[in-house]
Amino acid sequence: MITVESLTKTYGGFTAVDGVTFTARAGRVTGFLGPNGAGKSTTMRIMVGLTPATSGTAHIDGRRFAELPNPGLEVGVLLDASAQHAGRTGREILTIAQRTMGLPARRVDELLDLVSLTPEEAGRRVRNYSLGMRQRLGIATALLGDPEVLILDEPANGLDPAGIRWMRDLLRGYADQGGTVLLSSHLLHEIEVIADDLVVIGQGRIVAQGTKAELLAAAGTLVRTPDVSTLARALMDADVEFGHAADALRVEADPDLVGRIALAAGVALTELRAADGAGLEEMFLELTSDTQRDTQRDATSEGAAA
Amino acid sequence: MTTLTLEHEHEHEREQAPVRVERAAPAPIPMSRIVAVEARKSFDTRSGFWLLASIAITAVIATAAVILWAPDDELTYASFGAAVGFPMAVILPMIAILSVTSEWSQRSGLTSFTLVPHRGRVVTAKAVVAVGIAVASMVLAFAIGAVGNLVGTTIAGTDVVWDMGLDDFLYIVGANVLGLLMGFMLGVLIRNSAGAIVAYFVYSLVLPSLSEVLAASQSWWGDLRPWVDFNYTQSFLFEGGFTGEQWANLAVSGGLWLVVPLTIGLWAVLRSEVK
């Protein structure tokens, strides 16, 4: 379990991480979602002691990272797959980690096998690796000590679709065995297919967090009917906010309430469901709009309460 | 039917609950292991390997040069010792610098300092390895020089002269270890390969001549020099024999040039952000 409390990091006058509090629970995959520069990597670096926090704490199973006697056996970390000595071979990088952790040498071969790096590829210097290969090597390093906690910064970067699928299954299996998985991404689609819980960060602040199901519910209801105008009037009467999608309405209420309103108005529905990915995507864009570099500031959209 | 449902529910419960067993807390990483890993890291790259290989290679070249070009009456062990010692003074500090700076320049520190989250231990292990390499290199180089002395005198038909004692050897080793530690200090302080190497050459090649010029024209500097010019004070080590005052000179100038900046550098390493 990872517990982050009131974590703040300032650089001069700039606040990169601003009072971040969240918990990544055991047995679950927690997605750490936010646009570029939102403070995800800084938060993760603080967790593993590479960056000192200005204030606040980050604990792993109740202990600071520096208190772990042999961190590689308890926490698997992948922050930047390219941060390796370019002149070492992939196998050598794993061997160094294996020796530091005090593991048997066969672990190196087991992990190379697990991440599908061939012996020939493992013998190549990392300078000649593609980003996808580096990412696989980084994941192998993180998993080497069979840790119970994984902290992965943008692990899907550079992986091909098959690789992403492979990683998703791997992390799913890890969490199902009781492991704690925290992975960051700036891509919603990447994370929503795997995460159980979501922590959304924008401009250094947590803007939303909860289980994926909760956040999906909060994203509203999609309702489709041939008689859009009648339903729209009924919703207006009921004081429920909604927006128009192509031949449907996206309503900011749960499906139960929308169904009742439709029944009362005598409108036949062709579809009624919680707004899924598309809704979450909208939420993500909205929640992080303040931090987006390319926002059209046509509305003073207030980021949702943290 | 009922049993089946129950069983199914049980299975479901088990799926929800974490099944990992509590594991015993791992033993802390012993210092010896960190030193062994750092030793491995110093020659597992092409550049690291050739840097170490160059110690033996340059020692052989220097020895061969003495045999080929030195006058017969200078074919003594001291000549060979001086010849093989010279490249060491350049290569050893480079090894020390790169062992530290590559963690930042190559960014491998991201892994090193998360596997061992006590940076002081990693840096100490690097220092131990660097000094170990220095001592081993000197032994190897002087052994090559000794072979050269035997071969050279045999070819020239002169008597073999062993005009260098153990204490001479220890002084030279000491001087080279200090040079290496200067490189190590600059690596820790600057944490950038190119920057630290340039700084080392400014320190070891530019500053001595400036100091020399200044001492020639300003008598106050001439008096002060042994106390503040670390290079100058160290040079006596190569010449063997140290008086009590020279030891004091070495301690004071070493404190100024080595201990103080190293302390500042270590403080910065422990506090800095590894990106």
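Computed from a predicted structure; not experimentally measured.

(A) Examining the overall build of chain A more closely. Along chain A, the regular secondary structure elements total eleven helices and 13 strands. Taken across its 306 residues, chain A has 53% of its residues classed as buried.

(B) Up close: the overall build of chain B. Looking only at helices and strands, chain B has eleven helices and zero strands in total. The N-to-C order of helical and strand elements in chain B reads α-α-α-α-α-α-α-α-α-α-α. The proportion of buried residues among the 275 residues of chain B is 43%. Put simply, 74% of the contacts in chain B that link residues at least 6 apart link residues at least 24 apart. Element-wise, carbon and sulfur atoms account for 69% of the exposed surface of chain B, whose accessible area totals about 14100 Å².

(C) Structural view of the sheet that holds strand β8 (residues 197-202) of chain A. Residues and elements named next belong to chain A. An order of β5-β6-β7-β3-β8-β9 is seen for the six strands of this open sheet, with the pairing classed as mixed. Either end of the sheet is taken by a strand with one partner, and the two such strands are β5 (75-78) and β9 (205-211). Each neighbouring strand pair of the sheet contributes to a mean axis angle of 15°, computed without reference to strand direction. In this structure, β8 lies alongside β9, joined through six bridges in antiparallel fashion. Opposite Ile201, over in β9, you have Ile206 as the bridge partner.

(D) Quick peek at the interface of chain B and chain A. Of the residues lining the interface, 35 residues belong to chain B; the matching set on chain A comes to 42 residues. For the pair chain B and chain A, the summed buried area comes to about 3500 Å², and 54% of that belongs to carbon and sulfur atoms. Where chain B touches chain A, the interface holds four salt bridges. A salt bridge links A:Arg88 to B:Asp44; the nearest nitrogen and oxygen atoms lie 2.7 Å apart. At the boundary of chain B with chain A, the tally comes to 16 residue pairs in polar contact (both at pLDDT 80 or more). Every element with two or more residues in the side of chain B that touches chain A is listed here: α2 (31-41) and α5 (109-115) of chain B.

(E) Seen up close, empty space enclosed by the protein. By the definition in use, this model includes three cavities of 30 Å³ or more. The volume enclosed by the largest cavity comes to roughly 230 Å³. Together, 21 residues line the largest cavity, and A:Val77, A:Leu78, A:Gln84, A:Thr141 and B:Thr111 are the ones closest to its centre. Mapped onto the lining of the largest cavity, the elements with two or more residues apiece are β5, α2 (90-101) and α5 (131-143) of chain A together with α5 of chain B. At five residues, the largest contribution of residues to the lining of the largest cavity is made by α5(A). For the lining of the largest cavity, the per-class residue count stands at twelve nonpolar, seven polar and two charged. Computed from the structure, the second largest cavity encloses a volume of approximately 180 Å³. Lining the second largest cavity are 16 residues; nearest its centre among them are A:Ile96, A:Thr100, B:Lys41, B:Ser112 and B:Leu115.

(F) Examining the sheet that holds strand β4 (residues 55-60) of chain A more closely. Residue and element names in this part refer to chain A. Reading across from one edge, β2-β1-β4 is the order of the three strands in this open sheet, with antiparallel pairing throughout. Each edge of the sheet is formed by a strand with only one pairing partner; in this case those strands are β2 (14-24) and β4. For this sheet, the mean angle separating the axes of adjacent strands, direction not counted, is 20°. As paired strands, strand β1 (residues 2-11) and β4 are joined by five bridges and run antiparallel to one another. Along β4, the bridge assignment pairs Thr8 with Ser55. The sheet contacts of helix α1 (residues 40-47) involve β1, β2 and β4, and relative to β1 the element is tilted by about 115°.

(G) Structural context of the confidence of the model for chain B. Residues at a pLDDT of 70 or more form 91% of chain B, whose mean pLDDT is 87. For the stretch residues 1-18 of chain B, pLDDT sits under 50, and the model shows two contacts to residues farther than four places along the chain or on other chains.

(H) Structural context of unusual backbone geometry. A positive phi angle, close to 60°, is found at A:Ser116, a residue other than glycine. Topologically, A:Ser116 is positioned in the loop between α3 (106-114) and α4 (119-122). Of note in this structure, B:Arg191 is not a glycine but carries a positive phi near 55°. Its location among the elements puts B:Arg191 in the loop between α7 (166-190) and α8 (193-217).

(I) Inspection of the confidence of the model for chain A at higher detail. Per-chain confidence: chain A averages 88 in pLDDT, with 89% of residues scoring 70 or above. Here residues 295-306 of chain A is a poorly scored stretch, pLDDT under 50, and it has ten contacts once near neighbours within four places are set aside; other chains count.

(J) Focus on helix α9 (residues 219-228) of chain B. Three or more residues of α9(B) are buried, namely B:Trp221, B:Arg225 and B:Pro226. Along the axis of α9(B), the buried positions cluster into a sector of 135°, meaning they face one direction only.

(K) A look at a nonpolar patch on the surface. All names here are of chain B. Taken together, Val147, Leu150, Val151, Ile155, Val160 and Trp162 make up a surface patch of nonpolar side chains, about 560 Å² in accessible area. Along the chain, the position of Leu150 falls in helix α6 (residues 119-156). Among the residues examined, Leu150 registers a relative accessible area of 42% and is labelled partly exposed.

(L) Representation of the pattern of salt bridges. All names here are of chain A. With the rule as written, the count across this model stands at 26 salt bridges over all chains. Between Arg224 and Glu271 there is a salt bridge, with the nearest N and O atoms lying 2.6 Å from each other. Taken together, the residues Arg224 in strand β10 (residues 221-224) and Glu271 in strand β13 (residues 271-274) connect sequence positions 47 residues apart. Assessed through its relative accessible area of 23%, Arg224 is described here as partly exposed.

(M) The arrangement of a negative patch on the surface in detail. Residue and element names in this part refer to chain A. On the surface, a cluster of negative charge is made up of Asp237, Asp239, Glu241 and Glu252. Position of Asp237 among the secondary structure elements: in helix α9 (residues 228-237). On the basis of relative accessible area, Asp237 is assigned to the exposed category, the value being 65%.

What counts as what
- Residues numbered from 1 in each chain as written.
- Chains lettered and ligands numbered in written order.
- Predicted model: local features only at pLDDT ≥ 70, side-chain atom pairs only at ≥ 80, totals over all residues.
- Heavy atoms only, no water.
- Helix = DSSP H or I, 4+ residues; strand = E, 2+ residues; numbered from the N terminus.
- Buried < 20%, exposed > 50% of the residue type's maximum accessible area, 1.4 Å probe, protein only.
- Contact = heavy atoms within 4.5 Å.
- Areas by Shrake-Rupley, 256 points an atom, 1.4 Å probe, with all protein chains shown as cover.
- Pairing = 2+ DSSP bridges.
- Axes fitted to C-alpha atoms, helices over the stretch in contact; angles between N-to-C directions.
- Buried area = accessible area lost by both parts, 1.4 Å probe.
- Salt bridge = Lys/Arg side-chain N within 4 Å of Asp/Glu carboxyl O.
- Polar contact = N/O pair within 3.5 Å; in protein donor to acceptor, adjacent residues only side chain to side chain.
- 1 Å grid on protein atoms, 1.4 Å probe; cavity = no way out; pocket = protein on both sides within 12 Å on 5 of 7 lines; lining within 4 Å.
- Points joined across faces, edges and corners; volume = space filled by probe spheres on them.
- Nonpolar A, V, L, I, M, F, W, Y, C, P; charged D, E, K, R; others polar.
- pLDDT = per-residue confidence, 0-100.
- Arc of directions from axis to C-beta.
- Patch = residues over 30% accessible without salt bridge, like charges linked within 9 Å, V, L, I, M, F, W, Y side chains within 5 Å.
- Lys, Arg positive; Asp, Glu negative; His and termini not counted.
- Charge placed at Lys NZ, Arg CZ, Asp CG, Glu CD.

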